[in-house]
Amino acid sequence: MTKGEDLFKKITAHCKEYGFIFPSSEIYDGLSAVYDYGHNGTELKNNIKDYWWKSMVQYHENIVGLDSAIFMHPAVWKASGHVDAFNDPLIDNKDSKKRYRADVLIEDHIAKLEDKINKEVAKASKRFGDSFDEVMFRNTNPRVQANLNKIEEIKSRFVPAMEQGKLDEIKALIEELEIACPVSGSRNWTDVRQFNLMFSTKMGSSADSASEIYLRPETAQGIFVNYLNVQKTGRKKLPFGIAQIGKAFRNEIIARQFIFRMREFEQMEMQFFVRPGDEHKWYEYWKDERMRWHMAMGIPESHFRIHKHDKLAHYANAAVDIEFDFPFGFRELEGIHSRTDFDLGAHQKHSGKKLQYFDPETRESYVPYVVETSLGLDRLFLAIVSYAYTEETLEDGSERVVMKIPPALAPTKVAVLPLVKKDGLPEKGREVFDMLKYDFSCQYEEKDAIGRRYRRQDAAGTPYCITIDHETLENNTVTVRERDSMKQERVDIERIAEIVRERTVLRPAKRP
Ligand code: GAP
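These notes cover the structure that comes with them. (Residues numbered from 1 in each chain as written. Predicted model: local features only at pLDDT ≥ 70, side-chain atom pairs only at ≥ 80, totals over all residues. Heavy atoms only, no water.)

1. Some thoughts on the overall build of the protein chain
The helix and strand tally for the protein chain stands at 17 helices and 23 strands. Here the C-alpha coordinates of the protein chain stretch approximately 80 × 60 × 60 Å along the principal axes. Considering the protein chain as a whole, with its 512 residues, one finds that 49% of them fall into the buried category. Across the protein chain, the fraction of contacts at a sequence separation of at least 24, relative to all contacts at a separation of at least 6, is 66%. Approximately 25400 Å² of the protein chain is accessible, and the part contributed by carbon and sulfur atoms is 49%. For the protein chain, the separation between the mean place of its 77 positive charges and that of its 82 negative charges on side chains is 2 Å. (Helix = DSSP H or I, 4+ residues; strand = E, 2+ residues; numbered from the N terminus. Buried < 20%, exposed > 50% of the residue type's maximum accessible area, 1.4 Å probe, protein only. Contact = heavy atoms within 4.5 Å. Areas by Shrake-Rupley, 256 points an atom, 1.4 Å probe, with all protein chains shown as cover. Lys, Arg positive; Asp, Glu negative; His and termini not counted. Charge placed at Lys NZ, Arg CZ, Asp CG, Glu CD.)

Right, dumping it as structure tokens:
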């Protein structure tokens, strides 16, 4: 097991042990790629949603909210292209009987070549020290060049094959690259087939009249079909945005990475409607704005990177991913897509209803262009807990696991802990708890020794513990213990709320 795999396993176990995430229907052995959120998980998720909603809707005058239904008219998915094109190419290994996404097998192969290049660069950088010129090294080192050429060659076949749905070519590439099944080690592959990722069900009571409908695979289409309703009722002028948080469903072929790739998940999406021709300006704006939003959480910048798409989705003319450094490597966290007028144009055509905007400045009517930001709530949750999970050896040799969740997002902000369960300390503790509970998510705990209670709160990510001791009864002061530094300060009871508020507030960075 690699270091990353080991860490990921620990994070998954920790999430269950501390009430963040449980496998769905666990008493029936679980349901693959479906998860439930426990108390701490729900609080963390709600805090992430709140942070996103406030940043998008409350702080932007020209963005409004929407909560559209999961079920939509089946024609929506025909118009959007999902019925015909929301497919993944799948391939089975005949020996292990394991199923894979054919494109992921090739992408993993490319990632291994990139890894080799990065290792060469790191080695050389160590050898040459300050005088190391990375650009020159990449351009001249024969081993790096050979691997770069291999990557280019693969991409020059892979990208068009994916865009044009050439499944034979994808299979040929897997064979030529000698990609083996990670389980059986064999290269005994079936043909590549397309697999539509939408779940469908029947709506209507009688079998004859029931019609097939889909569980939405993205929240975005609910926004597109409501574009006119929102624009007219809100009397919005371009550019303006519509934001929505909601469930989406995809019948993922491979779903082995905990909450990274789920079959039922939540998205936080914002569609920004702009004048045609302005889309690149707004695409750059949102790329920048979304990165700033992630940075403001307090997770170091080195955990994020921007990845430009080689292969564009059927609706986009430009797209990037914001990637996060998960324990299994950099992977997509959020997508920023310039979707042109593809969606509104398609819905206009299929519904026969005009979805145009009359521009009072140019006195023209047109179908607006769209730049979207699309973030997976569960994926950001995983990013945060992956970053937060920390094992520490303390000065006295003891060990602790602490979840360094950004304080503003922490499930519980304050724990109130009487030092002992007697001498009037629990009563005083309850008083403090009652004083704080209307403003902060708080916990009151009196069971076990104080050290064990601190450890439990550390493991759940609680940034502040308030300890009530005998001195509290004398002078109305308590100790405030900070989770990461474990430092304690003595403060007046009256100041607790002010201190906690000050230290747990999160505002997206202002634009320069
Ligand atoms: N409306 C555009 C759209 O849905 P996407 O790249 O397919 O674009 C957007 O999805 C985001 O949704 C991804 O960046 C990811 O964070 C999240 N996401 C997609 N599929 C997911 C899955 N199966 N499980 C968890 N999150 C997922």
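2. Quick word on the nonpolar core
Ranked by size, the top nonpolar core spans 58 residues in total, and within it W52, W286, L380, F381 and I405 carry the most contacts. Among the elements that make up this core, the one with the highest residue count is helix α13 (residues 377–388) (8 residues). Of all hydrophobic cores here, the second largest spans 26 residues; its members include Y100, I110, L173 and I174. (Core = buried A, V, L, I, M, F, W, Y, C linked by side-chain atoms within 4.5 Å.)

3. Some details on the packing of aromatic side chains
Overall, the coordinates contain 24 aromatic pairs when judged by the stated rule. Relative to W189, the ring of Y100 has its centre 5.7 Å away and its plane inclined at 85°; by these criteria the two rings are edge-to-face. Note that Y100 is positioned in strand β5 (residues 99–101) and W189 in the loop between α8 (167–176) and β6 (193–196), a separation of 89 residues in sequence. Like W189, Y100 is buried. Ring geometry for F304 versus F324: centroids 5.2 Å apart, planes at 75°, classification edge-to-face. With F304 in strand β11 (residues 304–308) and F324 in strand β12 (residues 318–326), this residue pair connects regions lying 20 residues apart in the sequence. Across the pair, exposure class does not vary: F304 and F324 are buried alike. Of the aromatic side chains, those joined through ring pairs into one cluster are F8, Y35, F258, F260, F304, F324, F326 and F328. When the ring centre of Y454 is taken as reference, the NZ or CZ atom of R481 above it lies at 4.4 Å. (Phe/Tyr/Trp six-rings, centres within 6.5 Å; stacked < 30°, edge-to-face > 60°. Lys NZ or Arg CZ within 6 Å of the ring centre and 35° of its normal.)

4. Things to note about the sheet that holds strand β4 (residues 87–92)
Here 3 strands make up an open sheet; going across it, the order is β5-β4-β6 and the pairing antiparallel. Lying at the two open borders of the sheet, with one neighbouring strand each, are β5 and β6. Direction aside, neighbouring strands of the sheet carry axes that sit 45° apart on average. When β4 meets β5, the two strands line up antiparallel, connected through 3 bridges. Within the sheet, the bridge partner assigned to D92 lies in β5 and is R99. Along the sheet face, helix α5 (residues 102–128) touches β4 and β5 and points at about 65° away from the line of β5. (Pairing = 2+ DSSP bridges. Axes fitted to C-alpha atoms, helices over the stretch in contact; angles between N-to-C directions.)

5. A look at the packing of helix α2 (residues 39–58) against helix α11 (residues 279–295)
Remark: α2 packs on α11, axes separated minimally by 12 Å, with the N-to-C direction vectors making an angle of 140°. As α2 runs across α11, the sense of the crossing is right-handed. Contacts from Y51, W52, S55 and M56 in α2 reach W286, R290 and W293 in α11. In the contact of α2 with α11, the residues fall into 5 nonpolar, 1 polar and 1 charged. (Left-handed = near helix turned anticlockwise from the far one by under 90°. Nonpolar A, V, L, I, M, F, W, Y, C, P; charged D, E, K, R; others polar.)

6. Notes on unusual backbone geometry
Going from L238 to P239, the amide bond is cis rather than trans, its omega being -5°. Among the structural elements, P239 can be located in the loop between α10 (227–233) and β9 (240–249). You will see that D29, though not glycine, has its phi angle at about 75°, which is positive. Looking at where D29 falls in the secondary structure, it is placed in the loop between β1 (21–23) and β2 (35–37).

7. A closer look at the pairing of strand β18 (residues 399–403)
Across 5 bridges, strand β17 (residues 389–393) lies against β18 in antiparallel orientation. When the bridges of β18 are listed, T390 appears paired with V402. Between the end of β17 and the start of β18, which pair antiparallel, lie 5 residues, with G397 showing a positive phi angle near 90°.

8. Here's the deal with the site of the ligand
In the neighbourhood of the ligand, 21 residues make up the surrounding shell, with E218, M262, E269, E332 and L333 lying closest. E252 places a side-chain nitrogen or oxygen 2.8 Å from a nitrogen atom of the ligand. At 2.5 Å, a side-chain N or O of E269 approaches a nitrogen atom of the ligand. Breaking the shell around the ligand down by element, the ones donating at least two residues are β10 (264–274), β13 (329–340) and β16 (369–376). Of the residues forming the shell around the ligand, the biggest block, 6 residues, is contributed by β13. Of the residues belonging to the shell around the ligand, the class tally is 6 nonpolar, 5 polar and 10 charged. (Near = heavy atom within 4 Å. Polar contact = N/O pair within 3.5 Å; in protein donor to acceptor, adjacent residues only side chain to side chain.)

9. Quick look at the packing of α5 against helix α7 (residues 142–163)
Where α5 meets α7, the axes come as close as 10 Å, and the angle between the chain directions of the two elements is 160°. Classified by the angle their axes make, α5 and α7 are roughly antiparallel. Where α5 crosses over α7, the two elements pack in a sense that is left-handed. Note on element contacts: α7 touches α5 through R143, V144, N147, L148, K150, I151, I154, K155, F158 and M162, opposite D103, I106, E107, H109, I110, L113, E114, K116, I117 and E120. (Parallel < 35°, antiparallel > 145°, perpendicular 65-115°, else oblique.)

10. What about the sheet that holds strand β3 (residues 63–66)?
Spatial ordering of the open sheet is given by β3-β9-β10-β16-β13-β12-β11, a layout of 7 strands whose pairing is mixed. If you trace the sheet from one side to the other, it starts and ends with β3 and β11, each paired once. Neighbour-to-neighbour, the strand axes of this sheet turn through a mean angle of 25°, independent of strand direction. When β11 meets β12, the two strands line up antiparallel, connected through 5 bridges. Each residue of the ladder has a partner; that of H307, found in β12, is D321.

11. Let's talk about the state of the cysteines
Covalent bonding between the sulfur atoms of two cysteines is what defines a disulfide. The tally for this structure, following the rule as stated, stands at 0 disulfides. Among the cysteines around C15, which has no disulfide bond, C465 carries the closest sulfur, lying 19 Å off. (Disulfide = S-S within 2.5 Å.)

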